[in-house]
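Next come the chains, spelled out residue by residue.
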Amino acid sequence: MDDYQSILDEIYTELSPRFGEGHVATYIPELAKIEPQKFGMAVITADGRLFQVGRADEPFSIQSISKLFTLTMVMGEPALWQRTGREPSGNAFNSLVQLEYENGIPRNPFINAGALVVTDLILSKHGNAKEVVLNFVRRISGQSDISFNFTVAASEESVGFRNKAMAYFLKSFGNIKGDVEVVLDAYFHHCSIEMSCVQLAKAGLFLVNHGKSPYWSVPILNARETKYINSLMLTCGTYDAVGDFAYQVGLPAKSGVGGGILAVMPDQFAVCVWSPGLNDVGNSLLGTQVLSLFTTKTGMSIF
Ligand code: GLU
């Protein structure tokens, strides 16, 4: 079964009366300006066939989907699993409470605290945590025109008090080694990267193909590390609704408050959907439902 185009068209027709449902993220002022009716979806198969519908070529703010790429960059770092855990948090992605009683070790690399630690690891390794991440994302997706949105980064910086508190709190536990302001600046920029559904699906192909991207001659990860990342996406990738998401969709996925969700089916396809209206936990409301429909209609899920 791989006539994905007719399934995408069917889903689009079925869901289009509901475009705009959910609430766009308003805590970052620039994100509050996005039209909630926008919708795009792209599927790329392991052998490179691309299917798309709606605004699949329109770049949007990837926000926490960037955590998938930054984690990938540090998978080989020996300190990684001493400095962050790999359990679902059961708490909001920006919670400070858990960090206090767990002594500054974030539950996993996909909550904000964990992603800040990952950014710090990148900074220690490369001496620069901003451009190296952008270049990495460009290379794994084969798209040289991907960029930061500096307005979104500045907008988040201007109101990012909780992330700042978290980064300084991590520093107090010794779990940020570098300059906190440099880590935060890099983190806000990673979140501001703009990519389209097509670009994100392409970027996700290495997770479909056991660590190999068709756009990069050397493997990005080995097969074991790729398994680890996909497992973390399944257990920690969709905020504090990860159980419900796995139940409905049945695929490893990473979401962001820009309304994007990137999901992968190993050996088969990467799929990205974008609908900016979020549900109460911060996942794209229609995006979750679309992926649920997609795995049901295609019969393709990891279960
Ligand atoms: N930049 C956002 C924040 O730190 C990312 C949130 C997200 O997409 O989960 O709040």
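Further up the page is the structure itself.
From a predicted model like this one, the values you see are computed outputs, not experimental measurements.

Enquirer: How should the site of the ligand be read in this particular structure?
Expert: Surrounding the ligand, one finds Tyr 27, Gln 63, Ser 64, Phe 93, Asn 112, Glu 156, Asn 163, Tyr 187, Cys 191, Tyr 239, Gly 256 and Val 257. The side chain of Gln 63 places a nitrogen or oxygen atom 2.6 Å from a nitrogen atom of the ligand. One of the side-chain N or O atoms of Asn 163 is found 2.8 Å from an oxygen atom in the ligand. Protein coverage of the free-state accessible area of the ligand, which is 290 Å², stands at 99%. In terms of residue class, the shell around the ligand is made up of six nonpolar, five polar and one charged.

Enquirer: How do you make sense of helix α2 (residues 66–74) when you look at a structure like this?
Expert: An α-helix turns once every 3.6 residues. As a result, residues three or four positions apart point the same way. Counting buried positions over the nine residues of α2 gives nine, a clear majority of the element. Along α2, the residues classified as buried are Ser 66, Lys 67, Leu 68, Phe 69, Thr 70, Leu 71, Thr 72, Met 73 and Val 74.

Enquirer: Explain the packing of helix α8 (residues 161–172) against helix α9 (residues 180–192) to me, please; I cannot follow it from the model alone.
Expert: Helix packing geometry: the angle between the two helix axes and the distance between the axes. Following both chains from N to C, one finds α8 and α9 inclined at 135 degrees, their axes separated by 10 Å at the closest point. Compared by their axis directions, α8 and α9 come out oblique. Relative to α9, the crossing made by α8 is right-handed. Here Asn 163, Lys 164, Ala 167, Tyr 168 and Lys 171 of α8 come into contact with α9, specifically with Val 180, Glu 181, Leu 184, Tyr 187 and Phe 188. When its residues are assigned to classes, the contact of α8 with α9 shows six nonpolar, one polar and three charged.

Enquirer: Would you take a moment to explain the nonpolar core for this structure?
Expert: Generally speaking, nonpolar side chains in soluble globular proteins are found buried as a group. Counting 65 residues, the largest nonpolar core has Phe 69, Leu 71, Leu 116, Ile 193 and Met 195 as the members making the most contacts within it. Ranked by the residues each element gives to this core, the list is headed by helix α5 (residues 112–126), at eight residues. Setting aside residues up to four positions removed in sequence, Met 195 forms contacts with Glu 58, Pro 59, Phe 60, Ile 62, Phe 69, Val 137, Ser 141, Ile 146, Leu 200 and Ala 203. Residues Phe 51, Val 249, Ile 261 and Phe 294 belong to the second largest nonpolar core, which totals 26 residues.

Enquirer: Which parts of the structure should I look at to understand the environment of Val 152?
Expert: Relative to the helices and strands, Val 152 is located in helix α7 (residues 150–159). Contact partners of Val 152, with chain neighbours within four places excluded, come to Ile 28, Glu 30, Leu 31, Ser 61, Gln 63 and Ser 192.

Enquirer: Would you take a moment to explain the state of the cysteines for this structure?
Expert: Disulfides are covalent bonds that link the sulfur atoms of two cysteine residues. According to the stated counting rule, one finds zero disulfides in the structure shown. The thiol of Cys 191 is not disulfide-bonded; the next cysteine sulfur, from Cys 272, is found 16 Å away. The closest cysteine sulfur to the non-disulfide-bonded Cys 236 is located on Cys 191, 17 Å from its own sulfur.

Calculation criteria
- Residues numbered from 1 in each chain as written.
- Predicted model: local features only at pLDDT ≥ 70, side-chain atom pairs only at ≥ 80, totals over all residues.
- Heavy atoms only, no water.
- Near = heavy atom within 4 Å.
- Polar contact = N/O pair within 3.5 Å; in protein donor to acceptor, adjacent residues only side chain to side chain.
- Areas by Shrake-Rupley, 256 points an atom, 1.4 Å probe, with all protein chains shown as cover.
- Nonpolar A, V, L, I, M, F, W, Y, C, P; charged D, E, K, R; others polar.
- Buried < 20%, exposed > 50% of the residue type's maximum accessible area, 1.4 Å probe, protein only.
- Helix = DSSP H or I, 4+ residues; strand = E, 2+ residues; numbered from the N terminus.
- Axes fitted to C-alpha atoms, helices over the stretch in contact; angles between N-to-C directions.
- Parallel < 35°, antiparallel > 145°, perpendicular 65-115°, else oblique.
- Left-handed = near helix turned anticlockwise from the far one by under 90°.
- Contact = heavy atoms within 4.5 Å.
- Core = buried A, V, L, I, M, F, W, Y, C linked by side-chain atoms within 4.5 Å.
- Disulfide = S-S within 2.5 Å.

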